[in-house]
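# Coordinate analysis (summary)
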Amino acid sequence: MRPSIALVMASAFLITLVSAKIKDVFTVQSGANHGGCDNYMSDLDLWLDEAIQSLGNTVKALETSYNEDSKLGRRVRKSMFWFFQVPQQIDASGKLKGTANALAGRMREVFQWLSGDTKKVKPENYYLFCGSDFLVQKNPQDVAKDYKGEDVIVKGEPLPMENVPGYKAASKNGDVAWWSGDRSDINGYWFEAPTSGANYCRSPNDPKFDGEDSNLAFTGIIKLLTPTKSGTPQLRNKQLIIICPRAFKTAKFRNSFKDAAADPEMKPGQNLEWALPRSATFTHEAFHIFHGTLLNEGWQETYGLAKCVNLANPSSETDPKEAKLLVASARKNPENFVYLSSALHYLTDTGLAKRWDFCEDPGSVRVFDPNSEDEEMGDA
């Protein structure tokens, strides 16, 4: 497995090469069971590599080509319109401004974090599991355990979980405490519905959970009990991503960008939904874990190419106030960032078998030849 090659934007138009591995960014659960990732390390390194490269290519395209009066510049502006309804206008200064700059900034921040070019790269603050069955449900009356996995004793008495400050707030809406310390080296609590937690991924052999809409991954907060001067521990947040085992083999996505670009099915007329690589799941969750509540979460999220494009481009019959809210939602929707970075990666990455243009129409790809005189169609 080759090291990840990241295009780090040290400043506008200046690029530095760095390498990164998944363990450089996350504390990864070891082992082959109970959320362990030993069987998936090569996949995770590939996914990190593809996330870095696609986001790096996207940031570079926005920084260098967005304001160009060129075939590439027009495609970059068109892609930003499709997924975020950014007006297709060139700024005479040559710099990104306004909404385009703000959206590029969100992608740049995730890119810099994953590639190690930021102070936020602290693997001890970000956990990654490959499966949800490392979690064990606990009752409110069970003795609370601290970040060392030891019983919490206050004034000589064991402290029930329900008496921990912050427990009631964390367990609102019927959520229960799921403990990670029995089956992992991370001693913390995750608060989620009884039907979720360890049950989120379920068995990949369960036919009830193997459809296209099966859960692939999620981002959450795990809470560690840490001591305080008062003697009563407090819940401290850590971020985690759980990748379900089926995400590594799902036929919904392609194995990689390179495989998709060289696949016979990648031909003029193919749509971007088909061309998404499996690493798109990781990229999506990376946006969640870095930006948190600044982006749409849970029921607020929109999935699917057509729905994401329509979110950013409401019909003319939509009430103006509602249309404004929909466009604002598109600009906070993680999947819209995934589609944009995938489209611009296919458009600009010179390491692919061919460069593909999803920017003119995400639902109908064409070969992209930046030197072609034919503005509408490269030579296939």
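Conventions and cut-offs
Residues numbered from 1 in each chain as written. Predicted model: local features only at pLDDT ≥ 70, side-chain atom pairs only at ≥ 80, totals over all residues. Heavy atoms only, no water. Core = buried A, V, L, I, M, F, W, Y, C linked by side-chain atoms within 4.5 Å. Buried < 20%, exposed > 50% of the residue type's maximum accessible area, 1.4 Å probe, protein only. Helix = DSSP H or I, 4+ residues; strand = E, 2+ residues; numbered from the N terminus. Contact = heavy atoms within 4.5 Å. Phe/Tyr/Trp six-rings, centres within 6.5 Å; stacked < 30°, edge-to-face > 60°. Disulfide = S-S within 2.5 Å.

Counting residues in hydrophobic clusters, the biggest one holds 75 residues, and the most contacted among them are Phe26, Trp113, Leu114 and Tyr346. Looking at this core element by element, the count peaks at 10 residues for helix 2 (residues 41-65). Beyond its immediate stretch of four places on either side in the chain, Trp113 contacts Val25, Phe26, Thr118, Lys120, Val121, Tyr126, Ala286, Ile289 and Phe290. Among the nonpolar cores identified, the runner-up in size contains 16 residues, and Val176, Cys201, Leu240 and Ile242 belong to it.

Quick look at the packing of aromatic side chains now. Two measures describe an aromatic ring pair: the distance that separates the ring centres and the angle between the ring planes. The final tally for this structure, using the stated rule, is 17 aromatic pairs. Measuring from ring centre to ring centre gives 6.0 Å for Phe26 and Phe282, while their planes differ by 70°; the resulting arrangement is edge-to-face. Of the two residues, Phe26 is situated in the loop between helix 1 (22-25) and strand 3 (27-28) and Phe282 in helix 8 (residues 279-291); the sequence distance between them amounts to 256 residues. Using a relative accessible area of 0% as the deciding quantity, one classes Phe282 as buried. Taken together, a centroid distance of 4.1 Å and an interplanar angle of 65° make the contact between Tyr200 and Phe218 edge-to-face. Highlighted residues: Tyr200 in the loop between strand 9 (189-192) and strand 10 (217-226) and Phe218 in strand 10, separated in sequence by 18 residues.

What follows deals with the state of the cysteines. Simply put, disulfide is the name for a covalent bond between the sulfur atoms of two cysteines. Enumeration over the complete set of coordinates arrives at 2 disulfides. Here Cys37 engages in a disulfide with Cys130; their sulfurs sit 2.2 Å apart. On the sign convention where negative means left-handed, the S-S torsion of about 105° between Cys37 and Cys130 marks this disulfide as right-handed. Of the two residues, Cys37 sits in the loop between strand 3 and helix 2 while Cys130 sits in the loop between strand 4 (126-129) and strand 5 (136-138), which places them 93 residues apart along the sequence. Residue Cys130 is classed as buried on the basis of its relative accessible area of 4%. Between the sulfur atoms of Cys201 and its disulfide mate Cys244 the distance is 2.1 Å. Disulfide Cys201-Cys244: the torsion about the S-S bond is -80°, which places it as left-handed. Of this pair, Cys201 sits in the loop between strand 9 and strand 10 while Cys244 is found in the loop between strand 11 (234-243) and helix 6 (257-262), placing the two residues 43 residues apart along the sequence.

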